[in-house]
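Summary of structural features
Here's the letter readout for the chains.
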Amino acid sequence: SMVLRGDHFMALGWLLTRKSYQQAVDGVWGLSQAVDGVVMEEDLLPSKDFLRYMQQAAALLERDPSVFVASAWNDNGHNGMVSDE
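Okay, so let's go over this structure. (Residues numbered from 1 in each chain as written. Predicted model: local features only at pLDDT ≥ 70, side-chain atom pairs only at ≥ 80, totals over all residues. Heavy atoms only, no water.)

Structural notes on the overall build of the protein chain
Assigned secondary structure in the protein chain consists of two helices and zero strands. By the burial criterion, 4% of the 85 residues in the protein chain qualify as buried. Surface accessibility of the protein chain: about 8300 Å² in total, with carbon and sulfur atoms responsible for 57%. (Helix = DSSP H or I, 4+ residues; strand = E, 2+ residues; numbered from the N terminus. Buried < 20%, exposed > 50% of the residue type's maximum accessible area, 1.4 Å probe, protein only. Areas by Shrake-Rupley, 256 points an atom, 1.4 Å probe, with all protein chains shown as cover.)

Some words on helix H2 (residues 50-63)
Because an α-helix completes one turn every 3.6 residues, residues spaced three or four positions apart along the sequence face the same direction. In this model, H2 (14 residues) spans 20 Å end to end at C-alpha, consistent with the 20 Å of a helix rising 1.5 Å per residue. For H2, the complete set of buried residues consists of Phe50, Met54 and Ala57. Down the axis of H2, the sector holding all buried residues measures 60 degrees, keeping them to one side. Across from the buried face of H2, at angles greater than 90 degrees, the exposed residues are Gln55, Glu62 and Arg63. (Expected span 1.5 Å × (residues − 1). Arc of directions from axis to C-beta.)

Some points on the layout of surface pockets
Considering only enclosed or pocket space, the largest pocket measures out at about 1800 Å³ in volume. Lining the largest pocket are 39 residues, and of these Phe50, Met54, Ser71, Ala72 and Trp73 sit closest to its centre. Here the element with the most residues in the lining of the largest pocket is H2; it accounts for seven residues. When its residues are assigned to classes, the lining of the largest pocket shows 23 nonpolar, ten polar and six charged. (1 Å grid on protein atoms, 1.4 Å probe; cavity = no way out; pocket = protein on both sides within 12 Å on 5 of 7 lines; lining within 4 Å. Points joined across faces, edges and corners; volume = space filled by probe spheres on them. Nonpolar A, V, L, I, M, F, W, Y, C, P; charged D, E, K, R; others polar.)

No statement about biological role is implied by the geometric values presented.
In structure tokens, the structure reads:
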């Protein structure tokens with residue numbers, strides 16, 4: 001048996017998480033004719049303009065080969081930090 005500590009334990013956790021996400025994404029795209037997609041956690045509540053933002057990001061991804069991924073995560077987007085008003 002092997003005991004993992006510290007950085008080795010974190011690296012294993014990252015690898016297992018990555019494999020899980022990869023299997024899920026491969027499964028969805030394997031069943032679909034879709035070229036693009038949006039991956040979200042099930043407990044997120046997107047803003048009203050989220051899909052429009054993603055459409056614009058998809059267009060940028062298509063035009064600019066130096067852009068690898070688009071993200072809508074905002075570290076300052078928590079309650080008390082932002083408003084829709």
